[in-house]
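# Structural description and commentary
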Amino acid sequence: LQELTAHCLREHSQVDLNKISRICVRRSRVLGDLAGQLWWRMQRHPNWLRFPLAVEFVGEEGVDAGGIRKECLQVAMQDLYKKTS
């Protein structure tokens, strides 16, 4: 997970990380990647979630104007529901 986070931060070094909360997830592990990155960042930067959340699926092109974030959160919630029922 730390390798994934480091890779995403290196790839988007031109993004002002003080104004956007960027998360990179793999389609095969959306819930694990999302939860892990949220926990990791909240431990180190508690104010991190004050900023808009942008999601990127690793290996896919696309600009998150809301649709990618929505898809990621829907998939994560579906995975969470499957694991708890």
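Definitions and limits used
- Residues numbered from 1 in each chain as written.
- Predicted model: local features only at pLDDT ≥ 70, side-chain atom pairs only at ≥ 80, totals over all residues.
- Heavy atoms only, no water.
- Core = buried A, V, L, I, M, F, W, Y, C linked by side-chain atoms within 4.5 Å.
- Buried < 20%, exposed > 50% of the residue type's maximum accessible area, 1.4 Å probe, protein only.
- Helix = DSSP H or I, 4+ residues; strand = E, 2+ residues; numbered from the N terminus.
- Contact = heavy atoms within 4.5 Å.
- Polar contact = N/O pair within 3.5 Å; in protein donor to acceptor, adjacent residues only side chain to side chain.
- Salt bridge = Lys/Arg side-chain N within 4 Å of Asp/Glu carboxyl O.
- Pairing = 2+ DSSP bridges.
- Right-handed = clockwise from strand over helix to strand, strands pointing away.
- Axes fitted to C-alpha atoms, helices over the stretch in contact; angles between N-to-C directions.
- Parallel < 35°, antiparallel > 145°, perpendicular 65-115°, else oblique.
- Nonpolar A, V, L, I, M, F, W, Y, C, P; charged D, E, K, R; others polar.

### Some thoughts on the nonpolar core
Within the largest apolar cluster, 12 residues are counted, these being I23, V25, V30, L31, L34, W48, L53, V55, F57, I68, C72 and A76. At the level of secondary structure, the elements contributing two or more residues to this core comprise β1 (21–25), α2 (30–44), β2 (53–57) and α3 (67–84). The contact partners of F57, leaving out residues within four places of it in the chain, are V25, R27, V30, I68, E71 and C72.

### Observations regarding the environment of R26
Assignment of secondary structure puts R26 in the loop between β1 and α2. Polar side-chain contacts of R26 include one of 2.7 Å to the side chain of D33.

### Thoughts on the pattern of salt bridges
Scanning the model with the defined rule gives three salt bridges in all. Where R26 meets D33, a salt bridge forms, and the shortest distance between an N and an O atom there is 2.7 Å. Residue classification places D33 among the buried positions, given a relative accessible area of 1%. Put simply, E60 and R27 hold a salt bridge, and the shortest N to O gap is 2.5 Å. Taken together, the residues E60 in the loop between β2 and α3 and R27 in the loop between β1 and α2 connect sequence positions 33 residues apart. Given the relative accessible area of 42%, R27 is considered partly exposed.

### A short note on the pairing of β2
Among the five residues in β2, five count as buried, and that is most of the element. Neither face of β2 is left uncovered, since the one carrying L53, V55 and F57 and the one carrying A54 and E56 both have all their residues buried. Of the pairings in the sheet, the one linking β1 to β2 comprises five bridges and is parallel in character. If you follow R22 over to β2, its bridge partner there is A54. Between the parallel elements β1 and β2, the chain passes through α2 in a crossover that is right-handed.

### Here's the deal with the packing of α2 against α3
Two numbers describe a pair of packed helices, the interaxial angle and the distance between the axes. At a minimum axis distance of 8 Å, the contact between α2 and α3 shows a crossing angle of 105 degrees. One way to sum up the angle between α2 and α3 is to call them roughly perpendicular. Facing V30, L31 and L34 of α2, the residues of α3 in contact are C72, L73, V75, A76, D79, L80 and K83. Here the residues of the contact of α2 with α3 sort into eight nonpolar, no polar and two charged.

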